[in-house]
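Listed here are the chains, written in short residue letters.
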Amino acid sequence: MHTHFEAAGVALPYSHENNTILIRSLQNLLPKESVLTDAEDLHPFECDGLSVYRQLPLVVVLPETMEQVQSIMRLCHAQRIPVVARGAGTGLSGGALPLADGVLLSLAKFKRILNIDPRNAMATVQPGVRNLAISEAAAIYGLYYAPDPSSQIACTIGGNVAENSGGVHCLKYGLTVHNILMLKVVTMEGELLTIGAETLDSAGYDLLALMTGSEGLLGIIVEVTVKLLAKPERAQVVLAAFDDVMKAGEAVGAIISAGIIPAGLEMMDKLAIQAAEDFVHAGYPRDAEAILLCELDGTNAEVSEHIMTIRKILTGSGATEVRTAADEAERQLFWKGRKSAFPAVGRISPDYYCIDGTIPRHQLPHVLRRIGEMSAEYGLPVANVFHAGDGNLHPLILFDANKPGELARTEEFSRRILQLCVEVGGTITGEHGVGIEKIDSMCFQFQSAELSQFHSVKAAFDPHGLLNPGKAVPTLHRCAEFGAMHVHHGQLCHPELERF
């Protein structure tokens, strides 16, 4: 029996003896308690937030220093052992799914904030630091870290970089890639690279952007320097209720067309509203078909002016109710409802499947209508939660995995939604990454020449294909096989190109 490396020109024996040698070698590099091999110790690492896919790793290692990470990578490179890096495991695309014949490298012990530099408005942290912890530590200086995924209380900055995470404030302040300055990365060969600089720009190719969102395929992130922003003088949220989802979608375009860039512009439909209200009691109108949450921030005068303009736009777009948060506590409560939407939906369904696609804003009404039609076709309810301002959709398909065939129908439904996103000029992911969940959907969006280029970039960093193999970028052969079962309007790869 051989490992999956055969496709990359490597065929290593997969045997109990070789596994024992690997584990003993790892135990020579790390304290005994930092090398996990017993099944009961491995189960917590068997999946990330996409729990429908599970796999026990061969071994889990928990290094504490960069030098230990380098030693692990050198060993695995020499023995051609695959490595999957893992942060907090909150990812939703299966990007941290382990391999049965590989090492799961956890960065859980890299959880120190190394430095906060208020003068230059930046912080240097280890990858295991929680997203929210950065803002908490910087608060005494009147600073904060802008990207705020809904899982920010638990997700780590290293995982945010790997997936290029966003959050409810990404419309105005950007994704992770727009808010980091420098990375330290360990390559598959064990080399330590410094990418970027403690400045607004650095010489050479933009490898910082390349590494951000690379899903663990190019290197192991061991240190991150992030930008910090000054807390605005005032931030206030406007909640608008609508009796029609299409009207809410059209209101999003009207706000942006007015030349106002809100700090956040989020949308929820009726099913998501009711689930969140039952869970958090945020004060959402339960009878609304959709709500928009629009946050304005800046100087006191600027916010006052923009809120008056936004209220007029929302009323003119058909809002049945427009409410401004009375104080900071209500503002936080409005956002708590939105950020709790995923777990709230989990209370009303045995399972749900979270989709992540991005579309042009003006296509929002059309896409919402088509998702509703497909929901009826498949007989599966959908709770819609959107980063409406930048067109990032998060439809949540409700299903029951215990019913035979329902997971397969749900996955087919999700692929059709992603295909729809591509057809209207969007993409198959906005912030959750491709992982294993969307690897076949990559065939909707990219043709053979583009996929070949992706593989060339991967080979430049990891020629043996040992870092997180089988994720994010499909082989051309896989796309050809996928195309034999599905028709994708000419978006598929050419089946004769199967060299990867």
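Residues numbered from 1 in each chain as written. Predicted model: local features only at pLDDT ≥ 70, side-chain atom pairs only at ≥ 80, totals over all residues. Heavy atoms only, no water.

Q: I keep staring at the overall build of the protein chain and nothing clicks. Help me out?
A: Each helix and strand in the protein chain was counted, giving 17 helices and 19 strands. The C-alpha radius of gyration computed for the protein chain amounts to 23 Å, which stays within 12% of the reference 23 Å derived for 500 residues, consistent with globular compactness. Dimensions of the protein chain along its principal axes, counting C-alpha atoms only, are 70 × 55 × 45 Å. When burial is assessed residue by residue, the protein chain has 55% of its 500 residues classed as buried. Considering only contacts in the protein chain between residues 6 or more positions apart, those separated by 24 or more positions represent 71%. Only carbon and sulfur atoms are counted for the fraction: they give 52% of the accessible area of the protein chain, which is about 20,500 Å². Taking the average place of the 39 positive charges on the side chains of the protein chain and the average place of its 58 negative ones, the gap between the two points comes to 3 Å. (Helix = DSSP H or I, 4+ residues; strand = E, 2+ residues; numbered from the N terminus. Rg over C-alpha atoms; globule rule 2.2 N^0.38 Å. Buried < 20%, exposed > 50% of the residue type's maximum accessible area, 1.4 Å probe, protein only. Contact = heavy atoms within 4.5 Å. Areas by Shrake-Rupley, 256 points an atom, 1.4 Å probe, with all protein chains shown as cover. Lys, Arg positive; Asp, Glu negative; His and termini not counted. Charge placed at Lys NZ, Arg CZ, Asp CG, Glu CD.)

Q: How do you make sense of the state of the cysteines when you look at a structure like this?
A: Working definition: the covalent bond between the sulfur atoms of two cysteines is a disulfide. Using the criterion set out here, one finds one disulfide in the structure. For C443, the disulfide goes to C479, at an S-S distance of 2.0 Å. Classification of the bridge connecting C443 and C479 rests on its S-S torsion, roughly -90°, and on that basis the disulfide is left-handed. Here C443, found in helix α15 (residues 442-445), pairs with C479, found in helix α17 (residues 476-485); they are 36 residues apart in sequence, far enough to count as distant. Accessibility expressed as a relative area gives 0% for C443, which makes it buried. Overall, the relative accessible area of 0% leaves C479 in the buried class. Take C155: it sits in no disulfide, and the sulfur closest to it among the cysteines is that of C170, at 13 Å. (Disulfide = S-S within 2.5 Å.)

Q: Any chance you could explain the sheet that holds strand β2 (residues 59-61) here in plain terms?
A: Backbone hydrogen bonds are what pair the strands of a sheet, in a parallel or an antiparallel way. Here four strands make up an open sheet; going across it, the order is β1-β2-β4-β3 and the pairing mixed. Two strands in the sheet have a free side with no partner beyond their single neighbour: β1 (35-36) and β3 (83-86). Across three bridges, the pairing between β2 and strand β4 (residues 103-106) is parallel. Note that in β4 the partner of V61 across the bridge is L105. Sheet strands in contact with helix α3 (residues 66-79) are β2, β3 and β4, and its direction is about 165° off that of β4. (Pairing = 2+ DSSP bridges. Axes fitted to C-alpha atoms, helices over the stretch in contact; angles between N-to-C directions.)

Q: When you look at a nonpolar patch on the surface in this model, what are you seeing that I'm missing?
A: Together, Y205, L207 and L210 line one region of the surface with nonpolar side chains, adding up to about 340 Å² of accessible area. Within the secondary structure, L207 is located in helix α7 (residues 207-211). (Patch = residues over 30% accessible without salt bridge, like charges linked within 9 Å, V, L, I, M, F, W, Y side chains within 5 Å. Salt bridge = Lys/Arg side-chain N within 4 Å of Asp/Glu carboxyl O.)

Q: Looking at this structure, I do not really get the environment of I310. What am I missing?
A: Along the polypeptide, I310 turns up in helix α10 (residues 300-316). With 145 residues separating them along the chain, I310 and H455 place their C-alpha atoms 46 Å apart. What I310 contacts, discounting residues up to four positions off in sequence, is I255, I260, C294 and L296.

Q: Which parts of the structure should I look at to understand the pattern of salt bridges?
A: Pairing between side chains of opposite charge can happen when the charged atoms of each approach one another. Evaluation of the coordinates by the stated rule reveals 20 salt bridges. Here R54 makes a salt bridge to E46, at a shortest N to O gap of 2.7 Å.

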